[in-house]
Amino acid sequence: MADAPKPEPETDEAEDCGCFGWLRGVRERSIMLELRKKDGHILAVGYSWLERVEFDPSEGITLHLPGRKIKITGSGLNSDARPTVRLFDGIIRHRVPWIREADRSEGLKTGEQAALVEGIQWDE
């Protein structure tokens, strides 16, 4: 009797695609989106609270929650970070566990088409 293949261990880690957190497994969905500012402020919002998500190439991404708006600005926010992997699409599909502002450090250098999150602003 042949040994059955062992299942892959489950992990809660997210793949790091440069300036923003990205893509859990194909079947997984993130429960919350964590927004990290370079000054240390962090805000986590439940995906279930999102009422609407908008993308405007000149304005960035706007997340609408009850009584609050969150703006994500930068460049390439709907460009392919990898083939078929985009930040905006990942947000609307609940596949992004965290996003952080780029601090221009060596580890966050981006390619020509990569998404670069320059700012995250939210209403208090």
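Refer to the structure above for everything that follows.
No experiment lies behind these values; they were computed from the predicted model shown. (Residues numbered from 1 in each chain as written. Predicted model: local features only at pLDDT ≥ 70, side-chain atom pairs only at ≥ 80, totals over all residues. Heavy atoms only, no water.)

A. Representation of the overall build of the protein chain within the structure. Looking only at helices and strands, the protein chain has one helix and 11 strands in total. When the helices and strands of the protein chain are listed from N to C terminus, the series reads β-β-β-β-β-β-β-β-β-α-β-β. In the protein chain, which comprises 124 residues, the proportion classed as buried is 35%. If you take every contact in the protein chain between residues at least 6 apart in sequence, the share linking residues at least 24 apart comes to 59%. (Helix = DSSP H or I, 4+ residues; strand = E, 2+ residues; numbered from the N terminus. Buried < 20%, exposed > 50% of the residue type's maximum accessible area, 1.4 Å probe, protein only. Contact = heavy atoms within 4.5 Å.)

B. View of the environment of arginine 86. Along the chain, the position of arginine 86 falls in strand 9 (residues 85-86). When the C-alpha atoms of arginine 86 and glycine 76 are compared, they prove to be 8.9 Å apart, with 10 residues separating the residues in sequence. Of the polar contacts made by the side chain of arginine 86, one reaches the backbone oxygen of asparagine 78; its length is 2.8 Å. (Polar contact = N/O pair within 3.5 Å; in protein donor to acceptor, adjacent residues only side chain to side chain.)

C. Seen up close, the packing of aromatic side chains. In total, this model carries one aromatic pair according to the counting rule given. Ring centres of phenylalanine 55 and phenylalanine 88 lie 5.8 Å apart, and the angle between their planes is 45°; this geometry places the pair in the tilted category. Taken together, the residues phenylalanine 55 in strand 5 (residues 52-56) and phenylalanine 88 in helix 1 (residues 87-92) connect sequence positions 33 residues apart. Residue phenylalanine 55 is classed as partly exposed on the basis of its relative accessible area, which comes to 29%. Between the NZ or CZ atom of arginine 36 and the centre of the ring of tryptophan 98, over which it lies, the distance is 4.4 Å. Over the ring of tryptophan 122 we find lysine 37, and its NZ or CZ is 4.4 Å from the ring centre. (Phe/Tyr/Trp six-rings, centres within 6.5 Å; stacked < 30°, edge-to-face > 60°. Lys NZ or Arg CZ within 6 Å of the ring centre and 35° of its normal.)

D. Here's a closer look at the pattern of salt bridges. Considering all chains together, one arrives at four salt bridges under this definition. For glutamate 34, the salt bridge identified is with arginine 36, shortest N-O distance 2.7 Å. The partly exposed category is assigned to arginine 36, whose relative accessible area is 27%. Between glutamate 59 and lysine 71 there is a salt bridge, with the nearest N and O atoms lying 3.5 Å from each other. Remark: lysine 71 occurs in strand 7 (residues 68-75) and glutamate 59 occurs in the loop between strand 5 and strand 6 (60-65); sequence separation between them is 12 residues. The class of glutamate 59 is partly exposed, set by a relative accessible area of 42%. (Salt bridge = Lys/Arg side-chain N within 4 Å of Asp/Glu carboxyl O.)

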